[in-house]
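A look at the structure
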Amino acid sequence: MTAREKRLGMCGDRRSKEHFDSEYEEPDPWPFFTSPYEQTKYRRQIELVKELGVKPAKVLEIGCAEGAHTKMLAEAFPDSVVVAIDVSSRAIERARQNLAPYANVSLHGLDVMDFVGTTPDEEFDLIIWSEVIYYLADRLTPRDLLQFLERLAAKLRNDGVLCMANIINQPDADETPITRKPLMDCYYSLICCLLEPVHRLSYFDHKPESGRTYLYEVWTFRRAFQDDERGK
Ligand SMILES: C[S@@+](CC[C@H](N)C(=O)[O-])C[C@H]1O[C@@H](n2cnc3c(N)ncnc32)[C@H](O)[C@@H]1O
């Protein structure tokens, strides 16, 4: 067991704020800012969203880490306000330093479940929610997950877009059991009950930093109001 694994093993709940704070003991642990794999994954999401014609006034990024994807979003949509949250206050502190030059970004150390529960009236044109659902879903019953997803979907304005990238069957990691394809298929199906699916695209990309090739999917969904919902 490595020192890092021992440290993480002492954190109790492996999906808690403490767990994620311990992941960020060193800066950019994955590394989101410098890895071509991660940068390509972010770029693909932004390109798909742009192809859909979304010109967001307000963007929400859930699980923004130290702000690598946030920076791209702030540059891709300079006229938008980008609200970015992460459960790890340590990650958010670094994101604040990394994104200091970007006046259109607002960063918050928050669990997305609290954010969604406490800001019922805040709405977004675009929600980016990548590589986070499996940590959350691991803590929730199916009923609670559905309720959370309903609240999240309600945060999209009419024609708003939710974009997600999710690794599938991550090899040899804490995430292996929580990223299994049947689970990911269940999350996808649940979201399809709430929002209109637009893309489900698969990518196999090599990450030189780990020497592995990973499969991930990018999903996009649109919120299309029913007629009787309009104006609510
Ligand atoms: C694997 S990283 C993904 C980072 C980035 N979104 C990406 O796609 O590369 C997961 C991030 O989600 C954050 N996270 C996990 N659970 C969360 C929650 N309940 N609310 C907010 N952020 C959470 C973690 O702290 C971590 O920064």
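A short tour of the structure in this document, coming up. (Residues numbered from 1 in each chain as written. Predicted model: local features only at pLDDT ≥ 70, side-chain atom pairs only at ≥ 80, totals over all residues.)

So, about the overall build of the chain. Each helix and strand in the chain was counted, giving 9 helices and 7 strands. Here the chain has a C-alpha radius of gyration of 17 Å; the compact-globule value for 232 residues is 17 Å, and the two agree. Across its three principal directions, the C-alpha atoms of the chain cover 55 × 40 × 35 Å. Counting across all 232 residues of the chain, residues that qualify as buried make up 34%. Restricting the contact set of the chain to residue pairs at least 6 apart, pairs at least 24 apart contribute 69%. (Helix = DSSP H or I, 4+ residues; strand = E, 2+ residues; numbered from the N terminus. Rg over C-alpha atoms; globule rule 2.2 N^0.38 Å. Buried ≥ 20, exposed ≤ 12 C-beta atoms within 10 Å, placed from the backbone. Contact = placed C-beta atoms within 7 Å.)

Once that is clear, we can look at the site of the ligand. Within the structure, the ligand sits among 21 residues, and Phe20, Gly63, Val87, Val112 and Ser130 are positioned closest to it. Across the shell around the ligand, the residue classes tally to 13 nonpolar, 4 polar and 4 charged. (Near = placed C-beta within 6 Å. Nonpolar A, V, L, I, M, F, W, Y, C, P; charged D, E, K, R; others polar.)

Most of strand 2 (residues 81-86) is tucked away: 5 of the 6 residues are buried. Relative to strand 2, strand 1 (residues 58-62) runs parallel, the two being bridged by 5 bridges. What sits directly across from lysine 58, in strand 2, is valine 81. Bridging between strand 2 and strand 3 (residues 105-109) involves 5 bridges; their strand directions are parallel. Pairing of isoleucine 85 across the sheet is with histidine 108, part of strand 3. Between strand 2 and its parallel partner strand 3, the chain crosses via helix 5 (residues 89-98), and the hand of that crossover is right-handed. (Pairing = 2+ DSSP bridges. Right-handed = clockwise from strand over helix to strand, strands pointing away.)

With that settled, the discussion passes to the pairing of strand 7 (residues 212-222). Alignment of strand 5 (residues 156-168) against strand 7, held across 8 bridges, turns out to be antiparallel. Across the sheet, alanine 165 pairs through a bridge with valine 218, a residue of strand 7. Bridge count for strand 6 (residues 196-207) against strand 7 is 11 bridges, and the pairing is antiparallel. Residue pairing in the sheet places proline 197 in a bridge with phenylalanine 221 of strand 7.

Taken together, 7 strands build an open sheet; the order of strands is 3-2-1-4-5-7-6 and the sheet is mixed. Two strands lie at the open edges of the sheet, namely strand 3 and strand 6, each paired on one side alone. Strand-to-strand twist of the sheet, defined as the mean angle between neighbouring strand axes without regard to direction, takes the value 15°. Along the sheet, helix 5 makes contact with strand 2 and strand 3, crossing strand 3 at roughly 160°. (Axes fitted to C-alpha atoms, helices over the stretch in contact; angles between N-to-C directions.)

Here we take up helix 4 (residues 68-76). All of the buried residues in helix 4 are Ala68, His69, Thr70, Lys71, Leu73 and Ala74. Check the buried side of helix 4 and you find it contacts helix 3 (36-51), strand 1, strand 2, helix 5, strand 3 and strand 4 (124-129).

On to unusual backbone geometry. Most peptide bonds take the trans form, and the phi angle of most residues other than glycine is negative. Across the junction of tryptophan 30 and proline 31, the peptide omega takes the value -10°, indicating a cis bond. Looking at the element boundaries, proline 31 is found in the loop between helix 2 (17-23) and helix 3. The backbone phi angle of aspartate 159 is positive, close to 75°, even though this residue is not glycine. Considering the arrangement of structural elements, one finds aspartate 159 in strand 5.

A few words now on the packing of helix 3 against helix 4. Close contact between helix 3 and helix 4 brings their axes to 10 Å; oriented N to C, the two are set at 35°. Note that helix 3 runs across helix 4; the crossing there is right-handed. Packed against helix 3, whose contacting residues are Glu38, Tyr42, Arg43 and Ile46, the element helix 4 presents Ala68, His69, Met72, Leu73 and Ala76 at the interface. When its residues are assigned to classes, the contact of helix 3 with helix 4 shows 6 nonpolar, 1 polar and 2 charged. (Left-handed = near helix turned anticlockwise from the far one by under 90°.)

Membership of the largest hydrophobic core comes to 51 residues, with the highest contact counts inside it found for Val59, Ala84, Leu126, Ile127, Trp129 and Leu162. Discounting residues that sit within four places of it in the chain, leucine 162 has contacts with Ile127, Trp129, Leu156, Leu195, Thr220 and Phe221. (Core = buried A, V, L, I, M, F, W, Y, C linked by C-beta atoms within 7 Å.)

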